[in-house]
Every structure is written in C-alpha cells, then in structure tokens.
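# Working through the structure, step by step
One-letter residues, chain by chain:
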Amino acid sequence: MPRHSAAVYRRRRLVLLIGMILAVAVIGVSTWLLIARPWADTAAGPAPTSSGTTTPSTTTPPPGTGSPEPSPSAEQTPAIVACAAKDVEVTAVTDSDSYEAGVTPQLSISLTNKGSTDCTIDVGSTTQVFTVSSGADVWWRSTDCQENPSSMIATLAAGTTVTSKDPVVWDRTRSSVETCADENRQRAPGGGSSYHVEVSIGGFTSASSTQILLY
C-alpha cells in the first residue's frame, strides 16, 4: 500500500477539525433557541418568535390521489406586517396588588393580538417603558437608569396573549437620570400609599394603569 505524504495527512486532520467545530456551533445555536424565550404564552398559541415570513408546510398525498398542490412562491406568500394599534392590547402586570415594607414590586408586560392575522412587534427593552406614578407625580421610569437596551423583533400570533418572563424591579425609590448612582435616593412613602403602573412597548401604551399599594 503506498504511503501518503505528510501534507495529505495534514489536510485530512484539518477537514476533521472543521467538521467538529461546525457540529459544536450547530448544537450551541440550537440550545440558545430553546433557552432564550423571554416571553411566555398565556393562551393557546406560540410565544413571540423571531420575525420573518413563514413557510407553509406541504404534505405528499398517498399514491393514486393526485399530485400535491404547488407550494406558494415568495411572491404569492404575503409577508407578516407590523402590528397596528387597533389590534394590540398592552397591560402592565404586577406580581401583587400590595407590598409589605421592604418588598419590591415586580413589573411585567402582557401583550394581546386582538387581530385576525399574525403581526410583528419590537418587544426588546429598547421599546419598553414602565412608569410608576402617584397622582400626577411621576415617581419612577424604567428608562431613567436603563443599561444596554436591545431590540428584538417578534411575531405575535393572532388571537394570543403573551407575558414577559423576566420582570423589571421597582426599588421603591424616585428615579432620575442624574441620580442613578446615588444610593440614597428618595424612597416612596408606604403606609398603604397608592401608586399606578403604566407601560408602553413597541410604540403601544397600556390603555389603563394597574394600581398597587405600598406598606
């Protein structure tokens, strides 16, 4: 049997190494897609997914039943459009109606697509704004000291409601862009004081506020 040159062996090892790297990359991306789901479905339907046009699946009929219908082309399949204000309902969600002293409110967002078609919306932190007020006095905005905001375009399925999984925490202080590093910010009065939470996301604002009490 002829002996291969050292160059041949090196090429074979290089091809094997590249194959192993690609396999690890595919596994890593698949794992991220399974874990990184920052929105939870609260109705019968999928949680928001990364935006894009959907490709309908086709099923091959049994022999003798005729040829399958041709799949729609990219020109025939309409793209998913951006959500319209009339179709989207936004609600501020809190983990409780009242909070004892020292307990911080956990704030989330509920999104409902009331329309008859899927639509896309930016559900990233870049477009999210929580506002906590007492009467006309705005106590806190989530964007005042926000760090590293990001965008995430998602598809909101028709007729479904989804809720953000990772809540935003209000530390019960008055926020300001000038006092983000201040450890002695003014604390919100308790004793049963009433506050109202509003939220906006993707350009849509909650129609009403959610009331909480601080003790």
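Coordinates for the structure precede this section.
Residues numbered from 1 in each chain as written. Predicted model: local features only at pLDDT ≥ 70, side-chain atom pairs only at ≥ 80, totals over all residues. Heavy atoms only, no water.

### A word on the overall build of the protein
Along the backbone of the protein there are one helix and 14 strands. Counting every atom, the protein has about 13700 Å² of accessible surface; 57% of that belongs to carbon and sulfur. (Helix = DSSP H or I, 4+ residues; strand = E, 2+ residues; numbered from the N terminus. Areas by Shrake-Rupley, 256 points an atom, 1.4 Å probe, with all protein chains shown as cover.)

### Considering the side chain of Ser108
Relative to the elements of secondary structure, Ser108 occurs in strand β5 (residues 106-113). In contact with Ser108, other than residues within four places in its own chain, are Thr91, Ala92, Val93, Phe130, Thr163, Ser164 and Pro167. (Contact = heavy atoms within 4.5 Å.)

### So, the state of the cysteines
If you walk through the whole model with that rule in mind, you get two disulfides. Between Cys83 and Cys119 runs a disulfide, and the two sulfur atoms are separated by 2.0 Å. Across the S-S bond linking Cys83 and Cys119, the dihedral sits near 85 degrees, which makes this disulfide right-handed. Here Cys83, found in the loop between β2 (49-50) and β3 (88-94), pairs with Cys119, found in strand β6 (residues 119-122); they are 36 residues apart in sequence, far enough to count as distant. You'll find Cys83 and Cys119 in the same group, each marked buried. Paired by a disulfide, Cys145 and Cys180 hold their sulfur atoms 1.9 Å apart. Because the torsion about its S-S bond is -90 degrees, the bridge between Cys145 and Cys180 counts as left-handed. Of the two residues, Cys145 is situated in the loop between β8 (137-141) and β9 (153-156) and Cys180 in the loop between β11 (168-169) and β12 (193-201); the sequence distance between them amounts to 35 residues. Here Cys180 falls in the partly exposed class, since its relative accessible area comes to 37%. Assigning the bonded cysteines of the protein consecutive numbers by sequence position, one obtains the connectivity 1-2, 3-4. (Disulfide = S-S within 2.5 Å. Buried < 20%, exposed > 50% of the residue type's maximum accessible area, 1.4 Å probe, protein only.)

### Remarks on unusual backbone geometry
Non-glycine residue Asn148 carries a positive phi angle of around 50 degrees. The exposure class assigned to Asn148 is exposed, which follows from its relative accessible area of 72%. Unlike most non-glycine residues, Arg172 shows phi in positive territory, near 65 degrees. With respect to the helices, strands and loops of the structure, Arg172 is situated in the loop between β11 and β12. The class of Arg172 is buried, set by a relative accessible area of 5%.

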